Amino acid sequence: MRSFSGYKHRTLILLIVVSLLYLILVGRLFQLQVISGTELSEQAVKQRITSSISRGDIVGRDGRSLLDSRYVWEVEVRLTERESLERVRSILAEEERRYGKGIYEILASQEQVIYRGISATTAYLISQENLTGVSLLQSESRYGSDSMARHLVGYLDSRGTGVMGLERIYDSVLKEAGKERPIIGLTIDTRIQTGLEKILDENMAKGAVVVADATTGEILALSSRPVFEQDNPAPYMQDSEQAYFWNRATRGSYPPGSVFKIVLLATGLESNLVDRETMLPNGLSISGRSYLGPDWPLLDEINILSAFARSSNPAFIALGQELGSKKVLSMASTLGLGKQVDIGLFAEEAAGNLPRYVDSPLAMANLSMGQGDLLVTPLQMAQVMVNLVDGVEKPLLLVRQVKDSQGIIIEENRPITGERLLSEETIEVLHEAMVRVTLDGTGTAAWVEGYGSAGKTGTAESGSNGAHAWFAGFFPLENPQYVIVVLAENGGSGSKTAAPLFKEIADMIVQVTR
């Protein structure tokens, strides 16, 4: 009995050991085939080809690439090899059936066909067939589906030459060959940029957003809509109405609407013409045209801070008439309008339009409402808001550092603090007015819970396609860190469209920077 019992015990142990070995083997096979399959397939195919990344990179402040570069697999088949062609098509059809992944076919010539976009696993399967007339190639796709700030970065033409954005401006540096890969280092925070891209994909058809560091002027995120595919720009060139390649953040010039009331209020305060107690008319007539404010005629006069918060046009038209165009236009120029901000984009940055003079009371009324000949870019409004955080000039900055192919720093830029533009007393009243906007005025939808915010809405008339929606502001209220400017082209009301986007972007920034 003891012997039989010992035999059963040894048999049980043996079964357990065999079972464990089997489980380990199955686990290893699962790892090889499922988890590491793509990696191993890629390694196997790489033995048959060569590939390289030849052009420099464009990165954010954390060193993360904005390009989302990746390798693309291609299979070339000579058309004369019919059996090989049919076999390749069969393998690719199976990939599409299993993964629902599109493969595009490009006829390179009358002699061969190229299938681009195949997976590494499929490339490996084709390589194992040893087919005649079939070549596997791996090349870099410079831009992936998650590339960021596409209008800033730009794209390349068919010869690999930069034709837009930083790709064009730094083309000679980026294409240098050397011991190291050239690097264009930007101030962009890729966490904020990634979050911004997602928000705009979901909420904006046309327009732009600029996010800047309120303390330094460094641009943390910048995006324009609509976007284009950088690695396949040709189809987007046919649609002039959408203007896919137009960087609306830096080149789009728009009337600012009531956002311009910031400039008028700053001018009045600096001229000692008004203070926080000043009362202004809430209804008036200029050259036979009537302008009526909120709650008129019950409210025939309105406090200047309430007029700002509720965006009373007649109140600021009256202020503009008293100030005169010379003072207002001078202040607009001082704060950053009417000239390029100059973040290194050269011709891809517009100067907007600041009239040299205004020749009639009616034209001055239009200017006071941010209409008429006055045009600004979202980038310019970001510069204005950065300057208004503390009244000190802080030029916007985009390019931090440029390294050439030898690893040598050939360009380095640091934030600059300029002269005081507005008195501390003026800044205090301006901030009070902008807080009133988000607390109980036209911009309550821009209030950031737990942090607060301040700014100004704008609804700028633009003709039959609908008004442009603006919100320009900063947050948090205590020690402001971020300036955000939102422009929704033909987006309607600044209160209903731009202000909620400001809040959503601010909430995202809070989340990603924790």
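Residues numbered from 1 in each chain as written. Predicted model: local features only at pLDDT ≥ 70, side-chain atom pairs only at ≥ 80, totals over all residues. Heavy atoms only, no water.

Visitor: What am I meant to see in unusual backbone geometry here?
Guide: Glycine aside, residues mostly have negative phi angles, and peptide bonds mostly take the trans form. Note that the residue after Arg225, namely Pro226, is joined by a cis bond; omega there is 5°. Position of Pro226 relative to the elements: it lies in the loop between strand 8 (219–225) and helix 9 (261–270). Here the residue pair Phe475 and Pro476 is connected by a cis peptide bond, since its omega of -10° sits within 30 degrees of zero. Position of Pro476 among the secondary structure elements: in the loop between strand 16 (468–475) and strand 17 (482–488). For Asn272, which is not a glycine, the phi torsion comes out positive at approximately 60°. Within the secondary structure, Asn272 sits in the loop between helix 9 and strand 9 (279–281). For Phe346, which is not a glycine, the phi torsion comes out positive at approximately 55°. By the secondary structure assignment, Phe346 is in the loop between helix 12 (325–335) and helix 13 (361–368). (Helix = DSSP H or I, 4+ residues; strand = E, 2+ residues; numbered from the N terminus.)

Visitor: Is there a simple way to explain the sheet that holds strand 15 (residues 454–460) in this structure?
Guide: Consider a sheet: its strands pair through backbone hydrogen bonds, and that pairing is either parallel or antiparallel. Reading across from one edge, 8-7-17-16-15 is the order of the 5 strands in this open sheet, with antiparallel pairing throughout. Each of the sheet's edge strands pairs with one partner strand only, and the pair in question is strand 8 and strand 15. If you compare each strand with its neighbour and ignore which way they point, the axes differ by 5° on average. Here strand 15 runs beside strand 16; their pairing, made up of 7 bridges, is antiparallel. (Pairing = 2+ DSSP bridges. Axes fitted to C-alpha atoms, helices over the stretch in contact; angles between N-to-C directions.)

Visitor: It is not clear to me how the sheet that holds strand 13 (residues 399–403) should be interpreted in this structure. Could you clarify?
Guide: Within the open sheet, the 4 strands sit side by side as 1-6-13-14. Their pairing is mixed. The sheet terminates laterally at strand 1 (57–59) and strand 14 (409–412), the two strands that pair on one side only. Pairwise comparison of adjacent strand axes, ignoring direction, gives a mean angle of 10° for this sheet.

Visitor: Would you take a moment to explain the nonpolar core for this structure?
Guide: Taken as a class, soluble globular proteins show a tendency for nonpolar side chains to be buried jointly. Counting 122 residues, the largest nonpolar core has Ile484 and Ile505 as the members making the most contacts within it. Those residues in contact with Ile484 that sit more than four places away from it in its chain are Val209, Val210, Val211, Phe471, Ala472, Gly473, Phe475, Phe502, Ile505, Ala506 and Ile509. Core analysis: the next-biggest nonpolar cluster, separate from the first, contains 16 residues, Val75, Val77, Tyr115 and Ile126 among them. (Core = buried A, V, L, I, M, F, W, Y, C linked by side-chain atoms within 4.5 Å. Buried < 20%, exposed > 50% of the residue type's maximum accessible area, 1.4 Å probe, protein only. Contact = heavy atoms within 4.5 Å.)

Visitor: Honestly, the packing of aromatic side chains in this entry has me stumped. Any pointers?
Guide: For any pair of aromatic rings, geometry is given as the distance between the ring centres together with the angle between the planes. Inspection of the entire model under this criterion finds 8 aromatic pairs. On the basis of an interplanar angle of 45° and a centroid distance of 4.6 Å, the ring pair of Phe228 and Phe245 is categorised as tilted. Of this pair, Phe228 sits in the loop between strand 8 and helix 9 while Phe245 sits in the loop between strand 8 and helix 9, placing them 17 residues apart in sequence. A residue is classified by how much of its surface remains accessible, and Phe245, at 19% relative accessible area, is buried. Ring geometry for Tyr236 against Tyr244: centres 4.9 Å apart, planes inclined by 75°, an arrangement best described as edge-to-face. Exposure class is identical for Tyr236 and Tyr244. Each is buried. By way of ring pairs, the aromatic residues Tyr155, Phe228 and Phe245 are connected into one cluster. Taking NZ or CZ as reference, Lys456 lies 5.6 Å from the ring centre of Phe308, over its face. (Phe/Tyr/Trp six-rings, centres within 6.5 Å; stacked < 30°, edge-to-face > 60°. Lys NZ or Arg CZ within 6 Å of the ring centre and 35° of its normal.)

Visitor: I tried to follow the side chain of Asp404 on my own but got confused; where do I start?
Guide: Note on placement: Asp404 falls in the loop between strand 13 and strand 14. Despite its burial, Asp404 pairs with no opposite charge, the nearest such side chain being Lys179 at 8.2 Å. Filtering out sequence-adjacent residues up to four positions away, Asp404 remains in contact with Val173, Glu176, Pro182 and Ile410. (Lys, Arg positive; Asp, Glu negative; His and termini not counted. Salt bridge = Lys/Arg side-chain N within 4 Å of Asp/Glu carboxyl O.)

Visitor: Teacher, can you tell me more about the side chain of Asn282 here?
Guide: With respect to the helices and strands, the residue Asn282 is situated in the loop between strand 9 and strand 10 (283–286). A polar contact of 2.8 Å, which involves the side chain of Asn282, links it to the side chain of Ser312. Apart from residues lying up to four places away in sequence, Asn282 is in contact with Tyr291, Leu292, Gly293, Pro294, Asp295, Trp296, Leu299, Asp300, Glu301, Ile302, Ser312 and Pro314. (Polar contact = N/O pair within 3.5 Å; in protein donor to acceptor, adjacent residues only side chain to side chain.)

Visitor: Got a minute to help me understand the pattern of salt bridges in this structure?
Guide: Where side chains of opposite charge bring their charged atoms close, a pairing between them can arise. Across all of its chains, the model carries 26 salt bridges by this definition. A salt bridge links Asp68 to Arg70; the shortest N-O distance between them is 2.5 Å. The closest approach of N and O atoms between Arg87 and Glu129, which form a salt bridge, is 3.1 Å. Taken together, the residues Arg87 in helix 3 (residues 82–99) and Glu129 in helix 4 (residues 120–129) connect sequence positions 42 residues apart.

Visitor: Even after reading the chapter, I still don't get the pairing of strand 13, so can you show me in this structure?
Guide: Across 4 bridges, the pairing between strand 6 (residues 183–186) and strand 13 is antiparallel. Directly across from Ile184, in strand 13, lies its bridge partner Val402. As defined by bridge partners, strand 13 adjoins strand 14 across 3 bridges and the pair is classed as antiparallel. Paired with Lys403 across the two strands is Ile409, which belongs to strand 14. Here strand 13 folds back onto strand 14 in antiparallel fashion, the turn holding 5 residues, of which Gly407 has a positive phi close to 80°.

Visitor: What is the right way to read the environment of Thr426 from this model?
Guide: Mapped onto the elements, Thr426 comes out in helix 15 (residues 424–440). With residues up to four places along the chain from it excluded, the contact list for Thr426 reads Ala266, Leu269 and Glu270. A polar atom in the side chain of Thr426 sits 2.5 Å from the side chain of Glu270.

Visitor: I'm lost on the packing of helix 9 against helix 11 (residues 313–323) in this one. Help?
Guide: Any two packed helices are characterised by the angle at which their axes cross and by the distance between the axes. Their axes nearest at 10 Å, the elements helix 9 and helix 11 cross at an angle of 45°. As summarised for this structure, helix 9 and helix 11 are arranged oblique, according to the angle between their axes. The chirality of how helix 9 crosses helix 11 is left-handed. On the side of helix 9, the interface is formed by Lys261, Leu264, Leu265, Thr267 and Gly268, while helix 11 contributes Asn313, Phe316, Leu319, Gly320 and Leu323. Taken together, the residues of the contact of helix 9 with helix 11 break down into 5 nonpolar, 4 polar and 1 charged. (Parallel < 35°, antiparallel > 145°, perpendicular 65-115°, else oblique. Left-handed = near helix turned anticlockwise from the far one by under 90°. Nonpolar A, V, L, I, M, F, W, Y, C, P; charged D, E, K, R; others polar.)

Visitor: For this particular structure, what's the right way to read the packing of helix 3 against helix 4?
Guide: Two numbers describe how helix 3 lies on helix 4: the axes approach to 10 Å, and their chain directions differ by 155°. Here helix 3 is positioned roughly antiparallel relative to helix 4, judged by the angle of their axes. Helix-helix and strand crossings are classified by hand; for helix 3 and helix 4 the assignment is right-handed. Two secondary-structure elements touch here, helix 3 through Arg87, Val88, Ile91, Leu92 and Glu95 and helix 4 through Thr122, Ile126 and Glu129. Looking at side-chain class alone, the contact of helix 3 with helix 4 contains 4 nonpolar, 1 polar and 3 charged residues.

Spatial relationships are all this shows, so hold off on functional conclusions.
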